[in-house]
Amino acid sequence: MAQRKIKIGVNALPLLSPLTGIGRYTYEICSRLDQHVDFSCLFYRGYYSNSLPNPMDAISNKAGLVLKNPLIKKIAKKTILNITGFFVKKHVDIYFEPNNIPIKVFKQKNIVTTLHDLSVFLYPKWHPKERVDFFNAYKKNILKSDVIVTVSHFIKNEIIDYFKLAESKVKVIYLGCKGSNLNTREKKNEKSDVPHFLLKDFILFVGSIEPRKNLKGVIKGYLGLPEELQKEFPLVIVGYQGWENKEIRNMIKKNSNIYYMGYVSDDFLSELYKKAILFIYPSFYEGFGLPPLEAMAHGCPVIVSNRASLPEVCGDAAYYVDPKDWESIKQGLYRVLTDSEIRTHLKEKGLSHAKKFSWDQCVREHIDLFKELKGN
């Protein structure tokens, strides 16, 4: 007699908008879990479905339409948290919450929550007020989890200290990364005419324009470089506009060697990683830091911050700078740009280091955790 499959309920709402860090994590885990012979998945996407949402639908505005309008977005969030309780919740063995805060959408025996970092609690000034209010209102839900998964030992220690938890309650599972096959979605065609600034060597930054990513420090460090280096190596910025970015947008507009490209498809991002002369990511705070690993996997030399989880994740494969000192960022940019031996060393180290992080391994550790919980 065949053994009954373990039924996993997943909050798939992070897949209803174009993928950033948490969305990518959710997709990589769920796309593999959904195909596993021992599991049966039920996805909550505003309604219950056995089908995993396709992130391409969000880009084409099929699934992500509701997130475009702020008023509709606010109503949708309240609906998820308050109205869902009036309907019959689906029974599952394990409710897997990949997006920090468990919500009341399943009836379950166990809850596994992935808490990616504590920046909302520890550094609220870096986040929109609506997000801070939401996290503070529902943070008690986190403590209902049987296991809290997090993505680095740095964050595990913060969680234990902040919530006063036993070490056994929190499990570290590193994220994976992909190399030249970065894309996990069907191909999205970019404009056929390649921007002129991508036809030469360029410096690449990938991340939302938000305070903790320290894009202001990147730009100040870049503008401190000799003018001839700025002309030779444009700064290319990729990512969502984020919030609290008016000053940064003005800095970008005032410099003819800085280009903002917005959100791009995985295929195009992969090409940018491969073509960039270096990748810069001096974030003030990260729970993991996926973009630097993705850059390494594409053979791109990486400069990162010496703070939070980044030294743990990047090891000896990156050049480190002080994110609070734009002079340190400038010196890092200058040294890596002007020293081909350093770039070669970082490229070789990075390619080797990135191989230590795979989504398949990440999923295996989640599967082991789910099976252990179901056996209890």
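Residues numbered from 1 in each chain as written. Predicted model: local features only at pLDDT ≥ 70, side-chain atom pairs only at ≥ 80, totals over all residues. Heavy atoms only, no water.

**Side note on the environment of Pro-55**
Turning to step 1, where the next piece is worked out: On the secondary structure map, Pro-55 appears in helix α2 (residues 55-59).
Turning to step 2, where the next piece is worked out: Distance from Pro-55 to Arg-24, taken between C-alpha atoms, is 9.1 Å for residues 31 residues apart in sequence. (Helix = DSSP H or I, 4+ residues; strand = E, 2+ residues; numbered from the N terminus.)

**Topic: the side chain of Ser-152**
Turning to step 1, where the next piece is worked out: Positionally, Ser-152 belongs in the loop between β6 (147-150) and α6 (153-163).
Turning to step 2, where the next piece is worked out: Since its relative accessible area comes to 0%, Ser-152 is described here as buried.
Turning to step 3, where the next piece is worked out: One polar contact links the side chain of Ser-152 to the main-chain amide nitrogen of Ile-155, over a distance of 3.2 Å.
Turning to step 4, where the next piece is worked out: Once residues lying within four places of it in the same chain are set aside, the contact partners of Ser-152 are Val-172, Tyr-174, Gly-287, Ser-309 and Glu-312. (Buried < 20%, exposed > 50% of the residue type's maximum accessible area, 1.4 Å probe, protein only. Polar contact = N/O pair within 3.5 Å; in protein donor to acceptor, adjacent residues only side chain to side chain. Contact = heavy atoms within 4.5 Å.)

**Description of the sheet that holds strand β1 (residues 6-11)**
Turning to step 1, where the next piece is worked out: Read from one edge of the open sheet, 7 strands run β3-β2-β1-β4-β5-β6-β7, paired in mixed fashion. In this open sheet, the two strands that pair with only one neighbour each are β3 (48-49) and β7 (170-172).
Turning to step 2, where the next piece is worked out: Relative to β3, strand β2 (residues 39-44) runs antiparallel, the two being bridged by 2 bridges. Looking at the pairing, Phe-43 lines up with Ser-49 of β3. (Pairing = 2+ DSSP bridges.)

**Details of the packing of aromatic side chains**
Aromatic ring pairs are described here by two measures, namely the spacing of the ring centres and the angle between the planes.
Turning to step 1, where the next piece is worked out: Taken as a whole and judged by the stated rule, the model has 24 aromatic pairs.
Turning to step 2, where the next piece is worked out: A centroid spacing of 6.2 Å and a plane angle of 50 degrees characterise the contact between Tyr-174 and Phe-288, whose relative ring orientation is tilted. Of this pair, Tyr-174 sits in the loop between β7 and β8 (203-206) while Phe-288 sits in the loop between β11 (278-281) and α11 (290-297), and the two are 114 residues apart along the sequence.
Turning to step 3, where the next piece is worked out: In textbook terms, an aromatic cluster arises when at least three aromatic residues are bridged by ring pairs, as seen for Phe-121, Phe-134, Phe-135, Tyr-138, Tyr-162 and Phe-163. (Phe/Tyr/Trp six-rings, centres within 6.5 Å; stacked < 30°, edge-to-face > 60°.)

**Focus on helix α14 (residues 340-354)**
Turning to step 1, where the next piece is worked out: Here α14 contains 15 residues, and its C-alpha end-to-end distance of 21 Å stays within 8% of the 21 Å for a straight helix at 1.5 Å per residue.
Turning to step 2, where the next piece is worked out: Regarding α14, the residues found buried are Ile-342, Arg-343, Leu-346, Gly-350, His-353 and Ala-354. On an axial view of α14, the arc spanned by its buried residues comes to 100 degrees, and they lie on one face. The exposed set on the far side of α14, more than 90 degrees from its buried face, consists of Glu-341 and Glu-348. (Expected span 1.5 Å × (residues − 1). Arc of directions from axis to C-beta.)

**Focus on the sheet that holds β11**
Turning to step 1, where the next piece is worked out: On the basis of which strands lie adjacent, the open sheet formed by 6 strands has the order β10-β9-β8-β11-β12-β13 and parallel pairing. In the strand order of this sheet, the two ends are held by β10 (258-262) and β13 (319-321), each with one partner. Each strand of the sheet is rotated relative to its neighbour by a mean of 25 degrees, with strand direction disregarded.
Turning to step 2, where the next piece is worked out: Two strands pair when backbone bridges link them, and strand β9 (residues 235-238) and β10 are joined in this way by 4 bridges, in the parallel orientation. Across the sheet, the residue bridging to Val-238 is Gly-262, located in β10.
Turning to step 3, where the next piece is worked out: Along the sheet face, helix α10 (residues 266-275) touches β8, β9, β10 and β11 and points at about 140 degrees away from the line of β8. (Axes fitted to C-alpha atoms, helices over the stretch in contact; angles between N-to-C directions.)

Interpretation in functional terms is not warranted from these geometric data alone.
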